[in-house]
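The residues making up each chain are set out below.
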Amino acid sequence: MWAPAVEPSEVFILLEPEELKRPGEGREVTAICTPPRLEPRCSCHLHCSDPGSTHAIAHPLEAQCKGVNSARPLQSLPTMTSKKLVNSVAGCADDALAGLVACNPSLQLLQGHRVALRSDLDSLKGRVALLSGGGSGHEPAHAGFIGKGMLTGVIAGAVFTSPAVGSILAAIRAVAQVGTVGTLLIVKNYTGDRLNFGLAREQARAEGIPVEMVVIGDDSAFTVLKKAGRRGLCGTVLIHKVAGALAEAGVGLEEITERVSMVAKAMGTLGLSLSSCSVPGSRPTFELAADEVELGLGIHGEAGVRRVKMATADEIVTLMLDHMTNSANVSHVPVQAGSSVVLMVNNLGGLSFLELGIIADAAVRSLEGRGVKIARALVGTFMSALEMPGLSLTLLLVDEPLLKLIDAETTASAWPHVPRASVTGRKRTRAAPAEPVETPDSTAAGGLASKRAVLVLERVCSALLGLEEHLNALDRAAGDGDCGTTHSRAARAIQGWLKESPPPASPAQLLSKLSLLLLEKMGGSSGALYGLFLTAAAQPLKAKTDLPAWSAAMDAGLEAMQKYGKAAPGDRTMLDSLWAAGQELQAWKRPGADLLQTLTKAVKSAEAAAQATKNMEAGAGRASYISSARLDQPDPGAVAAAAILRAVLEVLQSQGA
């Protein structure tokens, strides 16, 4: 049986596989709530508030708690274990540590133990050694922080399991043998870690080795004092850094112990998760509703202080910082206006870099809005909980001497390159270059042409907005389903631009302006392709604007699209529609060509080409990665391009051009 290290008010009862081998309906097994963190292998759980109590469980639907009134109906966890890229469940912690050492020449494994040490141990003679560790599954903690200026070595347990006493003692002996003047054990505040590191310390001291131990508890989740104290979370990494800088400077064991103990009191961390994690070979540790997040959880999948409704990143960060800094919270960080802090935005393992950046921005804005000075900001994955999609925020109150320790050099591979400059007070934007002054265009045709251009653009925008859902539906078959949205974004940008001022009367300037607008506002490959087309098409129109010049403009635009987009006619792209129209517009180059007659043929050819794309095999764009058997609808880009040409024709016909 396994129970994670959580508070007595929220203990999970989990049963070993031997106790659950194909149990019949109603079969009862007995389990006792105990705190050790052994490897979880369970298929069900209940909530209990009395560690040590006995539970009779009728697997898998009912649970009765003897002597306790708080048991709830047993909940079945997902039937499938999570997928993990491991060689074996039993050996995954060893393999992970071996992989880190194999790729880092500055590390070595201690033979016979799950211990990683600096490969230059002999250089530490006369200095204090720093050892840390804990369960695996928190990578890059802790082995990623081994290096000059940080940890001397790390002792790793199995996933979410305290390391063995024998391995901790072996690491202490190894660093003592090279002539270090003492060892400091940096331990996160969990029962198993305190017990095992503490026992190893006592045994080492009995051998005459000077060893001290600091227990780090930086959890700011609990509003009332817990007997077990605050859990050790990501702030422990900052203690590694401070202690490492002191040890590198030759400070003695006793002073390092005292100074990092003081630093730890000025620090707090709060976690939040969108869903759970799963230990290799096991099922997720808990479940959350689609509209819930877990606030204040630990790094082993244990429960937080409460579940709250999903909200925006800004709202989530505000909630977290309010909780961390609330003076009514016994574990709060005493941060107030005027305080100077180090901010850590930590990925718990499964959060995307995009989300992490959004959270970091929200945290900086929220703290600075409270008058807090952010001296340094560290953003990344420092202490994870396997693949948990969540984050933690850490705040450390700092002064200049402490900042110097944070800024001190280190070779630890997982410590980020942090500029030695304050985040707050720095100018974060640079003025954009001014637009080049436009030269008068001799081809400008005056107000009539400008009014006609407005009508054309308005009709084009109306057509694209009306096609939004249809284009998205077509795009879902071969892309990400946003072709209509992208074109609608372009249409709204053009509508906004037309409201600001009348468009240029010059066709060349009009196309150039539209090109810049679409490049900036439309986005995606479509925005780039339209931008290329319009930029190139504008060039022949600088000298003349007769029909041959417009035909040449079409040719130039198509050439640019093919050159940079790498598509060709028949590749099932927007080029197919435009190419078909361009072939018809060659007639404009002949004397006596009729504008509307030729344009009508061009539009019909473009529409036919768009429909023909449903029978083509994609040769470019995202659709080229999709099986042709799944592409039974016309290409949305080709449909959009044909619709644009149709809108142009309709306006010119109505104007009697």
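Everything quoted here is computed from the prediction, not taken from an experiment.

Chemist: What am I meant to see in the sheet that holds strand β19 (residues 390-397) here?
Modeler: Paired through backbone hydrogen bonds, the strands of a sheet run either parallel or antiparallel to each other. Taken together, the six strands give an open sheet; going across it, the order is β16-β15-β14-β19-β17-β18, and neighbouring strands pair in mixed fashion. Bordering the open sheet on either side are β16 (306-309) and β18 (373-380), each of which pairs with just one other strand. Averaged over all pairs of adjacent strands, the angle between their axes in this sheet comes to 20 degrees, without regard to strand direction. Here seven bridges tie strand β14 (residues 267-273) to β19, and the two strands are oriented antiparallel to one another. Paired with G271 across the two strands is S392, which belongs to β19. Across the face of the sheet, helix α7 (residues 353-369) comes into contact with β17 (340-347), β18 and β19 while running at roughly 160 degrees to β17.

Chemist: I keep staring at the pairing of strand β13 (residues 211-216) and nothing clicks. Help me out?
Modeler: Note on strand geometry: in a regular strand, side chains alternate between the two faces of the sheet. Pairing of strand β12 (residues 182-188) with β13 involves six bridges; the strand directions are parallel. Within β13, the residue paired with I186 across the bridge is V214. Between the parallel elements β12 and β13, the chain passes through helix α3 (residues 191-206) in a crossover that is right-handed.

Chemist: I would appreciate a short explanation of helix α15 (residues 574-584) in the present structure.
Modeler: Three- or four-residue spacings in an α-helix give side chains the same orientation, since the helix completes a turn every 3.6 residues. Among the eleven residues of α15, eight are classified as buried, and the element is accordingly described as predominantly covered. Here α15 has its buried residues at M574, L575, D576, S577, L578, A580, A581 and G582. Summarising the contacts, the buried residues of α15 are in contact with α13 (524-538), α14 (547-565), α16 (595-612) and α17 (636-655).

Chemist: Explain the packing of helix α4 (residues 235-248) against helix α8 (residues 400-407) to me, please; I cannot follow it from the model alone.
Modeler: Taken N-terminus to C-terminus, the directions of α4 and α8 make an angle of 90 degrees; their axes are 8 Å apart at the nearest point. Classified by the angle their axes make, α4 and α8 are roughly perpendicular. Within the contact between the two elements, α4 uses L238, K241, V242, A245 and L246 and α8 uses L402, L405, I406 and D407. Considering only residue class, the contact of α4 with α8 consists of seven nonpolar, no polar and two charged.

Chemist: It is not clear to me how the nonpolar core should be interpreted in this structure. Could you clarify?
Modeler: Side chains of nonpolar character tend, in soluble globular proteins, to be buried together. Within the largest apolar cluster, 63 residues are counted, with the highest numbers of intra-cluster contacts made by F145, I256, V260, L396 and W415. For this core, the leading source of residues is α4, giving eight residues. Non-local contacts of F145, meaning those with residues more than four positions away in its chain, are made with P140, M150, L151, V237, H240, F382, A412, A414 and W415. Listed in part, the 61 residues of the second largest apolar core include A453, L471, L511 and L599.

Chemist: Whenever I open this one, the pattern of salt bridges confuses me. Can you help?
Modeler: Counted according to the given criterion, the structure contains 25 salt bridges. Between E387 and K84 there is a salt bridge, and its shortest N-O distance comes to 3.3 Å. Of the two residues, E387 sits in the loop between β18 and β19 while K84 sits in the loop between β7 (75-76) and α1 (92-102), which places them 303 residues apart along the sequence. Residue E387 is classed as partly exposed on the basis of its relative accessible area, which comes to 31%. A salt bridge links R365 to D314, with the shortest nitrogen-to-oxygen separation between them at 2.7 Å. Of the two residues, R365 is situated in helix α7 and D314 in helix α6 (residues 313-325); the sequence distance between them amounts to 51 residues. Owing to a relative accessible area of 41%, R365 belongs among the partly exposed residues under this scheme.

Chemist: Hey, could you run me through the pairing of strand β10 (residues 128-136) in this one?
Modeler: Across the nine residues of β10, nine count as buried, placing the element largely inside the fold. With five bridges connecting them, β10 and β12 associate as parallel partners. Residue pairing in the sheet places L131 in a bridge with L185 of β12. One ladder, built from five bridges, connects β10 with strand β11 (residues 153-159); its direction is parallel. Across the sheet, residue G133 finds its bridge partner in β11, namely I155.

Chemist: For this particular structure, what's the right way to read unusual backbone geometry?
Modeler: Across the junction of E139 and P140, the peptide omega takes the value 10 degrees, indicating a cis bond. With a phi close to 60 degrees, F160 is a non-glycine residue in the positive phi region. Here F160 lies in the loop between β11 and α2 (165-177). The class of F160 is buried, set by a relative accessible area of 2%.

Chemist: Which parts of the structure should I look at to understand the environment of T257?
Modeler: Considering the arrangement of structural elements, one finds T257 in helix α5 (residues 253-264). Separated by 44 residues in the primary sequence, T257 and M213 have C-alpha atoms spaced 7.5 Å apart. Not counting residues up to four positions away in its chain, the partners in contact with T257 are L184, E212 and V214.

Chemist: What should I look at first to understand the confidence of the model for the chain in this one?
Modeler: Predicted coordinates in regions of low pLDDT should not be interpreted in detail. Looking at the chain as a whole, its pLDDT mean stands at 86, while 83% of the residues score no less than 70. Per-residue pLDDT stays below 50 along residues 1-79; that stretch engages in 182 contacts with residues further than four places along the chain or on separate chains. In this model, residues 622-629 is a region of pLDDT below 50 whose contacts with residues beyond four sequence positions or in other chains number 13 contacts.

Chemist: Can you help me understand the side chain of K241 in this one?
Modeler: Tracing the chain through its elements places K241 in helix α4. For the buried residue K241, which engages in no salt bridge, the nearest side chain bearing the opposite charge is D407, 7.3 Å off. Of note is the side chain of K241, whose polar atom sits 3.0 Å from the backbone oxygen of L405. A distance of 2.8 Å separates a polar atom in the side chain of K241 from the backbone oxygen of A408. When sequence neighbours within four positions are dropped, the list of residues in contact with K241 reads G149, M150, L405, I406, D407, A408, T410 and W415.

Reading guide: rules and limits
- Residues numbered from 1 in each chain as written.
- Predicted model: local features only at pLDDT ≥ 70, side-chain atom pairs only at ≥ 80, totals over all residues.
- Heavy atoms only, no water.
- Pairing = 2+ DSSP bridges.
- Helix = DSSP H or I, 4+ residues; strand = E, 2+ residues; numbered from the N terminus.
- Axes fitted to C-alpha atoms, helices over the stretch in contact; angles between N-to-C directions.
- Contact = heavy atoms within 4.5 Å.
- Right-handed = clockwise from strand over helix to strand, strands pointing away.
- Buried < 20%, exposed > 50% of the residue type's maximum accessible area, 1.4 Å probe, protein only.
- Parallel < 35°, antiparallel > 145°, perpendicular 65-115°, else oblique.
- Nonpolar A, V, L, I, M, F, W, Y, C, P; charged D, E, K, R; others polar.
- Core = buried A, V, L, I, M, F, W, Y, C linked by side-chain atoms within 4.5 Å.
- Salt bridge = Lys/Arg side-chain N within 4 Å of Asp/Glu carboxyl O.
- pLDDT = per-residue confidence, 0-100.
- Lys, Arg positive; Asp, Glu negative; His and termini not counted.
- Polar contact = N/O pair within 3.5 Å; in protein donor to acceptor, adjacent residues only side chain to side chain.

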